[in-house]
Amino acid sequence: MSAKQPARAWQRMLSGRRLDLLDPTPVDIEIEDIAHGLARVARWNGQTKGEHAFSVAQHCLLVERIAADIAPAGLTKEGRLMALLHDAPEYVIGDLISPFKRAVGINYKSLELKLQAAIHIRFGLPAKPSAELEKLFKRADLISAYHEATQLAGFTHEEAKKHFPLPPPGLKTPRLIPLPTQEAQAAFLERFRKLGG
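The following paragraphs examine the structure supplied in this document. Owing to the predicted nature of the structure, the values given are computational and were not obtained by experimental measurement.

### Regarding the overall build of the protein
(1) Moving on: Along its length, the protein carries nine helices and two strands.
(2) Moving on: Helices and strands in the protein line up, N terminus first, as β-β-α-α-α-α-α-α-α-α-α.
(3) Moving on: Computed over C-alpha atoms, the radius of gyration of the protein comes to 17 Å, within 12% of the 16 Å expected from 2.2 N^0.38 for 197 residues, which places it in the range of a compact globule.
(4) Moving on: Counting only C-alpha atoms, the protein reaches 65 × 35 × 30 Å along its principal axes.
(5) Moving on: Going through the 197 residues of the protein one by one, you find that 46% of them count as buried.
(6) Moving on: Considering only residue pairs separated by 6 or more positions, the protein has 67% of its internal contacts joining residues 24 or more positions apart.
(7) Moving on: Total accessible area computed for the protein in this model is approximately 11,000 Å², and 55% of it derives from carbon and sulfur atoms.
(8) Moving on: Treating the 27 positive side-chain charges of the protein as one cloud and the 22 negative ones as another, the clouds have centres 1 Å apart.

Have a look at this one:
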């Protein structure tokens, strides 16, 4: 009688790589796979206005821009690249909305952080951003969520204020238009390359 085979924990990528989700290695990470996946993962579980979903790829572009705009001393190219990649693990694990993350029975955050570290190392970045950068990225992420909620996800400004911080005065309000997947993917890759990734 043979022992039961363990469940498969790797994901086959279009590049041909096999990414072990429980023990990811930088060698198995390609930016094309990340861009492809993020452009096809919908923010807000797809519950947004428009012909196309607002993708995580577009969200990452927005967060990178907001982080640079609100950084007290500006951001280096390395900092901007980390901001762009802040949700990169979602190319394989998806974008779980915050209420669902709290309800999931596995240590979701640990899995996400392992994958994030492997992604950073793959592209020559520190495995973990500094506490100061993490705080900046989180703030930019929440400001992005405010804009997404009010422009795309049906929240009123009053309702959004209860869940997300208001954008700081003077910060330009972006006009959010969900893009087709190919355009979102191309925009993400172009920005990655401009930042020296």
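### Side note on the packing of helix α2 (residues 56-70) against helix α3 (residues 77-84)
(1) Moving on: Relative orientation of the contacting elements α2 and α3 amounts to 145 degrees, with a least axis distance of 8 Å. Pair α2 / α3 crosses with right-handed handedness. Contacts between α2 and α3 involve Cys60, Leu61, Val63, Glu64, Arg65, Ala67 and Ala68 from the former and Arg80, Ala83 and Leu84 from the latter.
(2) Moving on: For the contact of α2 with α3, the residue count by class is seven nonpolar, no polar and three charged.

### Observations regarding the pattern of salt bridges
For side chains bearing opposite charge, pairing can occur when the charged atoms are close.
(1) Moving on: In this structure the tally under the stated criterion is nine salt bridges.
(2) Moving on: Arg122 is paired through a salt bridge with Glu30; the nearest N and O atoms lie 3.3 Å apart. Taken as a pair, Arg122 in helix α6 (residues 108-122) and Glu30 in the loop between β2 (18-20) and α1 (31-38) lie far apart in primary sequence, 92 residues in all.
(3) Moving on: Judged by relative accessible area, which is 16%, Glu30 ranks as buried.
(4) Moving on: One salt-bridge network, in which partners are shared between bridges, spans Arg17, Glu30 and Arg122.

### Overview of the nonpolar core
The tendency in soluble globular proteins is for nonpolar side chains to be buried as a group.
(1) Moving on: The biggest cluster of nonpolar side chains holds 51 residues, and the ones touching the most others in it are Ile29, Ile34, Leu85, Tyr91, Ile119 and Phe188.
(2) Moving on: Going through the elements one at a time, α1, α2, α3, α4 (90-93), α6, α7 (131-151) and α9 (181-194) are the ones with two or more residues in this core.
(3) Moving on: Considering every element that reaches this core, the biggest residue donor is α2, with ten residues.
(4) Moving on: Once you skip the residues sitting within four places of it in the chain, Ile119 turns out to touch Ile29, Ile34, Leu85, Ala88, Pro89 and Tyr91.

### Re α1
(1) Moving on: By the criterion of burial, α1 is predominantly enclosed, with six of the eight residues buried.
(2) Moving on: By the burial criterion, the buried members of α1 are Ile31, Asp33, Ile34, Ala35, Gly37 and Leu38.

### What to know about the environment of Arg65
(1) Moving on: Along the polypeptide, Arg65 turns up in helix α2.
(2) Moving on: Between the C-alpha atoms of Arg65 and Lys162, which are 97 residues apart in sequence, the distance is 24 Å.
(3) Moving on: Once residues lying within four places of it in the same chain are set aside, the contact partners of Arg65 are Arg80 and Pro174.

### Details of unusual backbone geometry
(1) Moving on: For Trp44, which is not glycine, the phi dihedral falls at a positive 60 degrees.
(2) Moving on: By secondary structure assignment, the location of Trp44 is in the loop between α1 and α2.
(3) Moving on: In this structure, Asn45 takes a positive phi of about 50 degrees despite not being glycine.
(4) Moving on: Within the element layout of this structure, Asn45 appears in the loop between α1 and α2.
(5) Moving on: Judged by its relative accessible area of 48%, Asn45 falls in the partly exposed class.

Reading guide: rules and limits
- The numbering scheme is per chain: residues are counted from 1 as the chain's sequence reads.
- Reporting of local features is limited, given that this is a predicted model, to residues whose pLDDT is at least 70; pairs of side-chain atoms are given and counted only at 80 or more, and all residues count toward the totals for whole chains, interfaces and linings.
- Computation of side-chain values covers all heavy atoms of the structure but excludes hydrogens and water.
- Runs of H or I in DSSP of at least four residues are treated as helices and runs of E of at least two as strands, each being numbered from the N terminus.
- The atom set for the radius of gyration is the C-alpha atoms, and the globule formula is 2.2 Å times the number of residues raised to the power 0.38.
- Relative accessibility under 20% of the residue-type maximum defines a buried residue, over 50% an exposed one, and the middle range a partly exposed one, all with a 1.4 Å probe and only protein chains included.
- Whether two residues are in contact is decided by their heavy atoms: any pair within 4.5 Å suffices.
- Note that accessible areas follow from Shrake-Rupley with a 1.4 Å probe, and for residues the cover is restricted to the protein chains shown.
- Charge assignment in this entry is limited to Lys and Arg as positive and Asp and Glu as negative, and neither His nor the chain termini are counted.
- Just so you know, the charge point we use is NZ for Lys, CZ for Arg, CG for Asp and CD for Glu.
- Note on geometry: axes are lines fitted to C-alpha atoms, helical ones only across the stretch in contact, with angles between N-to-C directions running from 0 to 180 degrees.
- The crossing is said to be left-handed when, going from far helix to near helix, the turn is anticlockwise and less than a right angle, and right-handed when the turn is clockwise.
- Polar here means any residue other than Ala, Val, Leu, Ile, Met, Phe, Trp, Tyr, Cys and Pro, which are nonpolar, and Asp, Glu, Lys and Arg, which are charged; Gly is therefore polar.
- Take a side-chain nitrogen of Lys or Arg and a carboxyl oxygen of Asp or Glu: if they are within 4 Å of each other, that pair is a salt bridge.
- Here, the term nonpolar core denotes a set of buried Ala, Val, Leu, Ile, Met, Phe, Trp, Tyr and Cys residues that are joined through side-chain atoms within 4.5 Å.

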